[in-house]
Amino acid sequence: MIDTFHSIPILSSLKNKEKIKILFVCLGNICRSPAAEEIMRQEVIANDAQQRWEIDSAGTGGYHVGDLPDRRMRVHAVRRGYDLTHICRQVRPSDFNRFDLIIGMDDANVRNLKALAPMVEDMEKVIPMSTFLDPGMGYDHIPDPYYEGAEGFERVLDLLQNGCHRLFTALS
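So, here's what we can say about the structure. The model shown is predicted, which means the values in this text are computed figures rather than measured ones.

To continue, consider the overall build of the protein. If you tally the helices and strands in the protein, you get 6 helices and 4 strands. Scaling as 2.2 N^0.38, a compact globule of 172 residues should have a C-alpha radius of gyration of about 16 Å, and the protein matches this with 15 Å. Here the C-alpha coordinates of the protein stretch approximately 40 × 35 × 30 Å along the principal axes. Sequence separation of 24 or more characterises 75% of the internal contacts of the protein that already satisfy a separation of 6 or more. Just so you have it, the protein exposes about 8,200 Å², and 51% of that area is on carbon and sulfur atoms. The distance from the centre of the 20 positive side-chain charges to the centre of the 25 negative ones in the protein is 2 Å.

Let us now look at the pairing of strand S1 (residues 20-26). Remember that side chains alternate between the two faces of the sheet whenever the strand is regular. Burial within S1 is extensive, with 6 of its 7 residues counted as buried. Across 7 bridges, the pairing between S1 and strand S2 (residues 53-59) is parallel. Directly across from Ile20, in S2, lies its bridge partner Trp53. With respect to chirality, the unit in which S1 leads through helix H2 (residues 32-46) into the neighbouring parallel S2 is right-handed. Note: S1 against strand S3 (residues 101-104), 4 bridges, orientation parallel. Of the residues in S3, the one forming a bridge with Ile22 is Leu101.

Along S3, one buried face is formed by Leu101 and Ile103 and the opposite face, lined by Ile102 and Gly104, is buried too. When S3 meets strand S4 (residues 126-128), the two strands line up parallel, connected through 3 bridges. The residue bridging Ile103 from the neighbouring strand is Ile127, located in S4. Note that the unit made of S3, helix H5 (residues 107-116) and S4 has a crossover that is right-handed.

For the rest of this paragraph, the subject is the packing of helix H3 (residues 71-79) against helix H6 (residues 150-171). Between H3 and H6, the shortest axis-to-axis distance is 10 Å and the interhelical angle comes to 60 degrees. Here H6 runs oblique to H3, going by the angle between their axes. Pair H3 / H6 crosses with right-handed handedness. Contacts between H3 and H6 involve Arg72, Met73, His76 and Ala77 from the first element and Ala150, Phe153, Glu154, Val156 and Leu157 from the second. Residue composition of the contact of H3 with H6, by class: 6 nonpolar, 1 polar and 2 charged.

Its place among the elements puts Met123 in the loop between H5 and S4. Judged by its relative accessible area of 31%, Met123 is partly exposed. Distance from Met123 to Ile102, taken between C-alpha atoms, is 9.1 Å for residues 21 residues apart in sequence. Apart from the residues within four sequence positions on either side, Met123 is in contact with Lys114 and Ala117.

Turning our eyes to something else, we now look at the packing of H2 against H6. At a closest axis distance of 9 Å, the pairing of H2 and H6 adopts a crossing angle of 45 degrees. One element, H2, and the other, H6, form an angle in the oblique class. Crossing of H2 over H6 shows right-handed handedness. Seen from H2, the contacting residues are Arg32, Ala35, Ala36, Ile39, Met40, Glu43 and Val44; seen from H6, they are Val156, Leu157, Leu160, Gln161, Cys164, His165, Leu167 and Phe168. Its residues placed into classes, the contact of H2 with H6 shows 11 nonpolar, 2 polar and 2 charged.

Parameters at a glance
- Residues numbered from 1 in each chain as written.
- Predicted model: local features only at pLDDT ≥ 70, side-chain atom pairs only at ≥ 80, totals over all residues.
- Heavy atoms only, no water.
- Helix = DSSP H or I, 4+ residues; strand = E, 2+ residues; numbered from the N terminus.
- Rg over C-alpha atoms; globule rule 2.2 N^0.38 Å.
- Contact = heavy atoms within 4.5 Å.
- Areas by Shrake-Rupley, 256 points an atom, 1.4 Å probe, with all protein chains shown as cover.
- Lys, Arg positive; Asp, Glu negative; His and termini not counted.
- Charge placed at Lys NZ, Arg CZ, Asp CG, Glu CD.
- Buried < 20%, exposed > 50% of the residue type's maximum accessible area, 1.4 Å probe, protein only.
- Pairing = 2+ DSSP bridges.
- Right-handed = clockwise from strand over helix to strand, strands pointing away.
- Axes fitted to C-alpha atoms, helices over the stretch in contact; angles between N-to-C directions.
- Parallel < 35°, antiparallel > 145°, perpendicular 65-115°, else oblique.
- Left-handed = near helix turned anticlockwise from the far one by under 90°.
- Nonpolar A, V, L, I, M, F, W, Y, C, P; charged D, E, K, R; others polar.

Below, the structure written as structure tokens:
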């Protein structure tokens, strides 16, 4: 179904792995990454694959460590049946050992994650979320809705639902 994923070596290596561990990352871990974490978790539950997946989220910055996700994102998410209860945290060097994939929401997140990678080999775990978007969605990144209105949060949820579904399908 998703032929372009076969050209990414790390994705091919995860296809038959017994347990897949994914970390979603944005700047502050209050909008995009906790939404991606919950959307992916619900995708996994809907497909009765909980035993095979470990999902978490974090931020490259430590601005909101210990907080719940942004209230506006929680409001929009709950309207779609997603309960964002994640407690915000910052990416740690140990995340590169723990997770198979570290998915950045935009180019700045991807650059920051690669700079944080403890070893050169860890950089191949860092992949942009846009890799999984249907090209018809018209986005090459997941935009930060923090300074936008309601339509920004809805757009991000649409993009993440599409990307998480395609990610799950690619690795199933």
